[in-house]
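# Breakdown of the fold
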Amino acid sequence: MRLFKHLFFIFLAFAVVSCEEDLANQIQLKFPDNQTKVPIGKTLNASLVLPKEGEVSGKVKLQDEVFFIESKNLQIPISTDLLLGKHQIRVDFEYLDETFSIQKEIEIINNKAPKLMGYKILNTYPHDPKAYTQGLEFLGDTLYEGTGQYKQSSLRKVDYKTGEVLQKINLSDRVFGEGISILDGKIYQLTWRSGYGFVYDLETFEELDKFSFNNSAEGWGLCNDGKQFYKSDGTDKIWLLEPETMKELSYIQPTTHKGTNKQLNELEWVNGKIYANTYQRDGVAIINPKNGAIDGIIDLRGFRDLINKPSDFDEVNHVLNGIAVHPETGNLFVTGKNWDKLFEVEIFEK
């Protein structure tokens, strides 16, 4: 008899748990017309689909913001303070004397289209056609360049007016060099898939240190605002790095009024914004580093018609990549992978 009672209570407990699980499986978070994209400054409408009538109370969490709910119909204001891109919305609520939690991905987009920018060529300078350009940066009137490809990667100091390489070190044959950035007398250089980057002395190019990527698998572009580093990795993320360790702390997702962008490559810090070349596209995104909004697009089409193309020139790989702003003139300098020219341009709004 005792065994029977014991088994009965086990069965009852199992039935209660099973019933709760079945109820949870019937609950859904739905969006009108399955629309999960919402601009900042607007309201996200959603509803809880419930199997039975019953009172609902709880809260919604989106990033660091919390909203309280008292019904199955949700109206969530999308603050302009939120980060753009893809994020999880989580609803914790009480229903039929039970507590439930459900979450779903939404995409927060910008509330206006990027401004379209054009360019005017001011000067054209020679550039080493053997340089598979991955990163450019000015310090004063001197141009520094990081190049890629296995067995060809390097770090260079260049006289941009003549194209002469003033100083150069070659990276290991096993390493594919990527973007560079200069801060406090040091040059930082990423690698593509090795999982780490280098720190060099600015004057001697002596290797001082290495740093590991702790979240992303690849290194693409790098820039800094004088304190904080920003790093792209080929995904829809730009990482904010801790200055001392170069650890990836958090990220923004560059986003237009239509959606999130991927494959942002070479980065440059310009007047409080991040300029980002998009890999295999002749354009540069102007990004708000606070929330990821793409405020402008610089249309840089036409340069490949102005360079000399050898017989082995590859339109797929030998693309625009390399942007740097001269600190005195404010003009943008543009080149590409294995291009024989470096262009100085003035940017204007179309």
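Described below are features of the structure shown in this document. (Residues numbered from 1 in each chain as written. Predicted model: local features only at pLDDT ≥ 70, side-chain atom pairs only at ≥ 80, totals over all residues. Heavy atoms only, no water.)

### Remarks on the overall build of the protein
When you go through the protein residue by residue, the secondary structure sums to 1 helix and 28 strands. Computed over the C-alpha atoms, the radius of gyration of the protein is 26 Å, more than 25% above the 20 Å expected from 2.2 N^0.38 for a compact globule of 350 residues. Seen along its three principal axes, the alpha-carbon backbone of the protein occupies a region of about 95 × 50 × 40 Å. Out of the 350 residues in the protein, the part that is buried amounts to 48%. A separation of at least 24 residues holds for 53% of the contacts in the protein among residues at least 6 apart in sequence. (Helix = DSSP H or I, 4+ residues; strand = E, 2+ residues; numbered from the N terminus. Rg over C-alpha atoms; globule rule 2.2 N^0.38 Å. Buried < 20%, exposed > 50% of the residue type's maximum accessible area, 1.4 Å probe, protein only. Contact = heavy atoms within 4.5 Å.)

### With respect to the pairing of strand S22 (residues 264-270)
When a strand is regular, its side chains alternate between the sheet's two faces. Summarising burial for S22: 6 of the 7 residues are buried, a large majority. The pairing of S22 with strand S23 (residues 273-278) spans 5 bridges and is classified as antiparallel. Within the sheet, the bridge partner assigned to Leu267 lies in S23 and is Ala276. Joining the antiparallel neighbours S22 and S23 is a turn of 2 residues, in which Asn271 adopts a positive phi near 50 degrees. (Pairing = 2+ DSSP bridges.)

### Some remarks on the pattern of salt bridges
All told, the structure shown has 10 salt bridges when counted by the stated rule. Close ionic contact of Arg301 with Asp299 constitutes a salt bridge, the shortest N to O distance being 2.6 Å. Of the residues examined, Arg301 reaches a relative accessible area of 59% and is grouped as exposed. The network of salt bridges with common partners includes Asp299, Arg301 and Lys350. (Salt bridge = Lys/Arg side-chain N within 4 Å of Asp/Glu carboxyl O.)

### Observations regarding the sheet that holds strand S27 (residues 332-336)
Pairing is mixed in the open sheet, where 8 strands are placed in the order S22-S23-S24-S25-S9-S28-S27-S26. Edge positions in the sheet fall to S22 and strand S26 (320-325), since each has one partner strand and no second. Looking at each pair of strands side by side, their axes are set apart by 30 degrees on average, direction ignored. Sheet topology places S27 next to strand S28 (residues 341-349); 3 bridges connect them, and they run antiparallel. Of the residues in S28, the one forming a bridge with Phe333 is Glu344. (Axes fitted to C-alpha atoms, helices over the stretch in contact; angles between N-to-C directions.)

### Considerations on the packing of aromatic side chains
According to the stated counting rule, one finds 21 aromatic pairs in the structure shown. Summarising the aromatic geometry, the rings of Tyr125 and Tyr160 are spaced 5.2 Å apart at their centres and angled 85 degrees between planes, so their arrangement reads as edge-to-face. Highlighted residues: Tyr125 in strand S9 (residues 115-126) and Tyr160 in the loop between strand S12 (154-159) and strand S13 (164-170), separated in sequence by 35 residues. Across the pair, Tyr160 and Tyr125 agree in class, each one buried. Between Tyr188 and Phe229 the ring centres are 4.6 Å apart and the planes differ by 55 degrees, which places this aromatic pair in the tilted class. Of the two residues, Tyr188 sits in strand S15 (residues 186-191) while Phe229 sits in strand S19 (residues 229-232), which places them 41 residues apart along the sequence. An aromatic cluster is present here, built from Tyr125, Phe138, Tyr160 and Phe333 joined pairwise through their rings. Taking NZ or CZ as reference, Lys231 lies 4.3 Å from the ring centre of Phe213, over its face. (Phe/Tyr/Trp six-rings, centres within 6.5 Å; stacked < 30°, edge-to-face > 60°. Lys NZ or Arg CZ within 6 Å of the ring centre and 35° of its normal.)

### Overview of the side chain of His318
Checked against the element boundaries, His318 lands in the loop between strand S25 (294-299) and S26. In terms of polar contacts, His318 uses its side chain to reach the side chain of Asn338, at 3.1 Å. Ignoring anything within four residues of it in the chain, the contact list for His318 reads Tyr132, Arg304, Asp312, Phe313, Lys337, Asn338 and Trp339. (Polar contact = N/O pair within 3.5 Å; in protein donor to acceptor, adjacent residues only side chain to side chain.)

### A closer look at the environment of Val270
Within the secondary structure, Val270 is located in strand S22. Val270 sits 212 residues away from Gly58 along the chain, and the two C-alpha atoms are 44 Å apart.

### A closer look at the nonpolar core
Grouped together as the largest cluster of nonpolar side chains are 28 residues, with contacts concentrated most on Leu29, Ile89, Val91 and Phe93. Filtering out sequence-adjacent residues up to four positions away, Val91 remains in contact with Leu29, Leu48, Lys59, Val60, Ile69, Leu74, Phe100, Ser101 and Ile102. Counting residues in hydrophobic clusters, the runner-up holds 18 residues, among them Val270, Tyr275, Phe303 and Ile307. (Core = buried A, V, L, I, M, F, W, Y, C linked by side-chain atoms within 4.5 Å.)

### Comments concerning the environment of His257
Here His257 is to be found in the loop between strand S21 (248-252) and S22. Exposure remark for His257: the relative accessible area of 31% places this residue in the partly exposed category. Linking His257 and Ile109, residues 148 residues apart in sequence, is a C-alpha distance of 5.3 Å.

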